[in-house]
Amino acid sequence: FAAGSTALGVEWHSAADFLADGLKMSASFSTDNGLAKAAAARLENSWGVGATYVTTAGDSTVTISGGIADSETATSGTQATSDKGGFNVGIVAVTGDLTIGAGYGDGDTFDYETANIEIDGSVTKAGIKYVTGDLTMALGITAGEGKDGAFGTADTTDDSIDSTSASVTYAVASGVSAVIGYTTVDAQNEGAATTDDGSSWYIGASMSF
């Protein structure tokens, strides 16, 4: 949610096992060149902090990660109710042939179409994958929602998209896999259904050399 600025930027990354076994951290800061404000919003200052922690629990390897970022926006027109910023957190657990993961993100951003618009959104993702012999089965879900409106007047009606995908991959031979997949999507814009709704099947093969 926090894009780079133009004049000065600094970032820091820790070594592995910083303060605790399995912990790594990063931080960054940037500032703009101080040009005069314009009608199109631009990012003036931004910062972010993130960390990843890897540990074991029984036969499982667990990775937990998260980050937070914020910024200041400059514009000669109406100010946004929230500047660019947000946070995210995720967890992945691997036990033998089974992998389970989930993540959540929430934040504010802006865009320029015919005028400045501000957007407040969040998304949740989760997935599971299981490998048994030559067979790989996977299932994933995504649920996202957002509100968009003119600067200073954030909208109150949700846009949303929810999707579920599943696939089965079979290793036919060395470097050759057959794939069958299915996806279904439910989308809304300003509270009303859109033409992006629907479902699809996929049958194919992949080859690697």
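The following paragraphs examine the structure supplied in this document. Since this is a predicted model, take the numbers as computed values, not measurements.

About the criteria used
Per chain, residues are indexed from 1 in the order of the written sequence. Totals for whole chains, interfaces and linings use every residue, but because this is a predicted model, local features are given only for residues with pLDDT of at least 70 and side-chain atom pairs only at 80 or more, for both listing and counting. Each side-chain value is worked out from all heavy atoms of the structure, with water and hydrogens disregarded. Counting from the N terminus, the helices are DSSP H or I runs at least four residues long and the strands are E runs at least two residues long. Note that the radius of gyration is over C-alpha atoms, with the globule rule given as 2.2 Å times the number of residues to the power 0.38. Note on exposure labels: buried denotes an accessible area under 20% of the residue type's maximum, exposed denotes more than 50%, and partly exposed covers the range between, all computed with a 1.4 Å probe on protein chains only. Here, two residues are considered to be in contact whenever any of their heavy atoms come within 4.5 Å of each other. Here, Shrake-Rupley sampling with a 1.4 Å probe gives the accessible areas, and only protein chains in the shown set may cover a residue. His is not counted, nor are the chain ends, whereas Lys and Arg count as positive and Asp and Glu as negative. Throughout, a charge is located at the NZ atom of Lys, the CZ atom of Arg, the CG atom of Asp or the CD atom of Glu. Residues enter a patch when their relative accessible area is above 30% and they make no salt bridge; the linking distance is 9 Å between like charges and 5 Å between nonpolar side chains (Val, Leu, Ile, Met, Phe, Trp, Tyr). In what follows, salt bridge is the name for a side-chain nitrogen of Lys or Arg lying within 4 Å of a carboxyl oxygen of Asp or Glu. Pairing between strands is defined by DSSP: at least two bridges between the two strands are required.

Focus on the overall build of the protein chain
Here is step 1: When you go through the protein chain residue by residue, the secondary structure sums to zero helices and twelve strands.
Here is step 2: From first element to last, N terminus to C terminus, the protein chain shows the α and β order β-β-β-β-β-β-β-β-β-β-β-β.
Here is step 3: Whereas a compact globule of 209 residues would reach a radius of gyration of roughly 17 Å, the protein chain reaches 21 Å, over 25% beyond that.
Here is step 4: In terms of its C-alpha atoms, the protein chain occupies a principal-axis envelope of roughly 60 × 50 × 35 Å.
Here is step 5: Counting across all 209 residues of the protein chain, residues that qualify as buried make up 21%.
Here is step 6: Considering only contacts within the protein chain whose residues lie at least 6 apart along the sequence, 46% involve residues at least 24 apart.
Here is step 7: Of the accessible surface of the protein chain, which amounts to about 12,500 Å², a share of 59% is contributed by carbon and sulfur atoms.
Here is step 8: Within the protein chain, one finds 7 positive and 27 negative side-chain charges whose respective centroids are separated by 7 Å.

Some words on unusual backbone geometry
Only a minority of non-glycine residues have a phi that is not negative, and only a minority of peptide bonds are not trans.
Here is step 1: Unusually for a residue other than glycine, aspartate 17 sits at a positive phi of about 60°.
Here is step 2: Of note, aspartate 17 is situated in the loop between strand S1 (8-13) and strand S2 (23-31).
Here is step 3: The exposure class assigned to aspartate 17 is partly exposed, which follows from its relative accessible area of 46%.
Here is step 4: Its identity is not glycine, yet leucine 19 carries a phi of approximately 70°, on the positive side.

A short note on a negative patch on the surface
Here is step 1: Taken together, the side chains of Asp120, Glu145, Asp162, Asp186, Asp196 and Asp197 define an acidic patch exposed on the protein surface.
Here is step 2: Tracing the sequence through the fold places aspartate 120 in strand S7 (residues 116-132).
Here is step 3: Given a relative accessible area of 35%, aspartate 120 falls into the partly exposed group.

Section: the environment of alanine 205
Here is step 1: One can find alanine 205 in strand S12 (residues 198-207).
Here is step 2: Put simply, alanine 205 and valine 49 are 156 residues apart on the chain and 41 Å apart in space, counted from C-alpha to C-alpha.
Here is step 3: Look past the residues within four positions of alanine 205 in its chain and what remains in contact with it is Ser177 and Ala178.

Digging into the pairing of S1
Here is step 1: In terms of burial, S1 is a largely surface element, zero of the six residues being buried.
Here is step 2: Of the pairings in the sheet, the one linking S1 to S2 comprises six bridges and is antiparallel in character. For glutamate 11, the partnering residue across the bridge sits in S2 and is serine 28.

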